[in-house]
Amino acid sequence: MSHILTMIAQRLALGFVTLFVVSLIIFLGTELLPGDFAQEILGQSATPETVAALREQLGLNDPMHIRYLGWLTDILQGDFGESLANGQSVADLIGRRLGNTLRLALYAAAIAVPLSLILGILAALFRNSFFDRFVNASALSSISFPEFFVAYILIFLLAGAGGAFPSMANFRGTPEFGDFLYRAFLPALTLTLVVTAHMMRMTRAAIINLLASPYIEMARLKGMDPMRIIVKHALPNALAPIINVIALNLAYLITGVVVVEVVFVYPGLGQLMVDSVAARDMPVVQGVALIFAAAYVLLNLTADVLATLSNPRLVHRR
C-alpha cells in the first residue's frame, strides 16, 4: 500500500499547485475587470476625495503583487476577507450557502448515480435494441440543451398552471427534510438530466468493452444468466472508468450549479456568486471561485484514488 500513499501524496501536492495557479488566475481576472471598485461601491455621485479615501482604506493603491500575496496569506489562514457590499465576513457568507449547494448536489447525485448505472447496465444488456437506442437518444437530447433551457422546460411542464412543484426553490434557514426534497426537486431534476447521460454512456461503453473478454465468453458458455454476468463479472472490472466519470460529474454538480441556482432562485453558492458579481463584491467572488476550484480538485483526487483501489493489479503490485 506504500505506492498508494505515495500516489495520494503526489496528487495532493499537484492539487495544491493547481489551486495556487487557479488563485492567481482568479485574482488577475478580477483585477483586469474594467471600472474602479471604489467608484462602483460609492456610486457616480461620490467626490474624488471620497473615492481616494476608500481606495486607501481597501488597499487598492498598493501594487498588485502585494495585494495578491496579502490575499493569499489571509486565505491560507482561513480569512477570506470582508464583503464590500455589507461588511460581513466572506467565510460566513460562503459557509451559510455552501451547505445548501452541497445538499442540492447530493440530492441530484442520489437520483443520477443509481439511475445512470441501471440504465447503462440495461443498455449494455440489450445492446442495439429499441431500448438501447431510445435511452441513448434521450440521454444525448438531455445534454444537448443548456441547463437553463432544461430548467425552463421543467418549470413549464411541472410548475406551470396547476403544477405539482414550485418554480422557485428559495427558502430561509435550514428547511425540514421533506420540505427541502419538495422545493429542490426541480433544480435537482435539472442537474440529474444534465449529468445522467455522461455516466450512463460511460457505464454502457465500459461494460460492452468487457463483454468481449474471454472470461465473459466462458461464463456465457456455462449458461450463466446474462444479468448476473454483467453485475457479478463485468461491472466490478469496469469500475475504474465509471468511478472517474461519476466523480467528474459530481464535481460538476457542485461547481456547475450557478445557472440552475439562478433560474430557481436557490440560495446556494452559485446564486451568491451571481449576486456578488452584479454588486462588484470582488472578495466574495474570489472566495466562491476558489471554493469551486478546491471542490473540483478534491473530487478529481478522490476519483484517482478510488479508481486505483478498484483495480487489484494496481493495489497488489509484484
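Residues numbered from 1 in each chain as written. Predicted model: local features only at pLDDT ≥ 70, side-chain atom pairs only at ≥ 80, totals over all residues. Heavy atoms only, no water.

On to unusual backbone geometry. One non-glycine residue with positive phi stands out, namely Asn-128, at about 65°. Along the chain, Asn-128 falls in the loop between α5 (90-125) and α6 (130-144). When its relative accessible area of 49% is taken as the criterion, Asn-128 is described as partly exposed. A positive phi angle, near 50°, is found at Val-265, a position not held by glycine. Here Val-265 lies in the loop between α13 (258-263) and α14 (269-278). (Helix = DSSP H or I, 4+ residues; strand = E, 2+ residues; numbered from the N terminus. Buried < 20%, exposed > 50% of the residue type's maximum accessible area, 1.4 Å probe, protein only.)

Another aspect to go through is the pattern of salt bridges. Tallied over the entire structure, the rule returns two salt bridges. The salt bridge partner of Arg-204 is Asp-132, with a shortest N-O separation of 2.9 Å. Of the two residues, Arg-204 is situated in helix α9 (residues 185-211) and Asp-132 in helix α6; the sequence distance between them amounts to 72 residues. Like Arg-204, the residue Asp-132 is buried in the burial classification. A salt bridge links Arg-183 to Asp-179, with the nearest nitrogen and oxygen atoms 3.3 Å apart. Here the residue Arg-183 and the residue Asp-179 both occupy positions in helix α8 (residues 177-183), the gap between them amounting to four residues, near one helical turn. (Salt bridge = Lys/Arg side-chain N within 4 Å of Asp/Glu carboxyl O.)

Now for the packing of α5 against α9. Running from N to C, α5 and α9 cross one another at 35°; their axes reach a closest spacing of 6 Å. When the axes of α5 and α9 are compared, the crossing they make is right-handed. Of the residues assigned to the contact of α5 with α9, the class counts are 22 nonpolar, five polar and one charged. (Axes fitted to C-alpha atoms, helices over the stretch in contact; angles between N-to-C directions. Left-handed = near helix turned anticlockwise from the far one by under 90°. Nonpolar A, V, L, I, M, F, W, Y, C, P; charged D, E, K, R; others polar.)

To continue, consider a nonpolar patch on the surface. Taken together, the side chains of Phe-145, Phe-148, Phe-149, Tyr-152, Ile-153, Phe-156, Leu-157 and Val-259 present a nonpolar region at the surface, about 820 Å² in accessible area. For Phe-156, the position within the fold is in helix α7 (residues 147-158). (Patch = residues over 30% accessible without salt bridge, like charges linked within 9 Å, V, L, I, M, F, W, Y side chains within 5 Å. Areas by Shrake-Rupley, 256 points an atom, 1.4 Å probe, with all protein chains shown as cover.)

This brings us to the nonpolar core. In this structure, Leu-191, Met-199, Ile-207, Leu-253, Phe-264 and Tyr-266 are the most contacted members of the largest nonpolar core, which totals 50 residues. Among the secondary structure elements, those contributing two or more residues to this core are α5, α7, α9, α10 (214-221), α11 (226-237), α12 (239-255), α13 and α15 (282-309). Top contributing element to this core by residue count: α9, with twelve residues. With residues near it in sequence (within four places) discarded, Leu-191 still touches Leu-104, Ala-108, Tyr-252, Leu-253, Val-257 and Val-260. In terms of nonpolar packing, the next biggest core, distinct from the first, is built from 20 residues, Phe-27, Trp-71, Leu-269 and Leu-290 among them. (Core = buried A, V, L, I, M, F, W, Y, C linked by side-chain atoms within 4.5 Å. Contact = heavy atoms within 4.5 Å.)

Mapped onto the fold, Glu-56 is located in helix α3 (residues 48-58). Note on Glu-56: relative accessible area 54%, which makes it exposed.

One can find Phe-20 in helix α1 (residues 2-31). A relative accessible area of 43% means that Phe-20 is categorised as partly exposed.

For α9, with 27 residues, the first-to-last C-alpha span of 37 Å sits near the 39 Å given by 1.5 Å per residue. Its axis deflected by about 35° at Val-195, α9 carries its strongest bend there. The element α9 is largely enclosed, with a buried count of 20 among its 27 residues. (Expected span 1.5 Å × (residues − 1). Bend = angle between axes of the 7 residues up to and from the residue.)

Turning our attention to the packing of aromatic side chains. What the rule picks out here adds up to nine aromatic pairs. Plain terms: the ring middles of Tyr-68 and Trp-71 are 6.2 Å apart, the flat faces sit at 45° to each other, and that makes the pair tilted. Taken together, the residues Tyr-68 and Trp-71, both in helix α4 (residues 64-76) and three residues apart, mark about one turn of the helix. According to the relative accessible area criterion, Tyr-68 is buried, its value standing at 7%. Through successive ring pairs, a cluster of aromatic residues spans Phe-20, Phe-27, Tyr-68 and Trp-71. (Phe/Tyr/Trp six-rings, centres within 6.5 Å; stacked < 30°, edge-to-face > 60°.)

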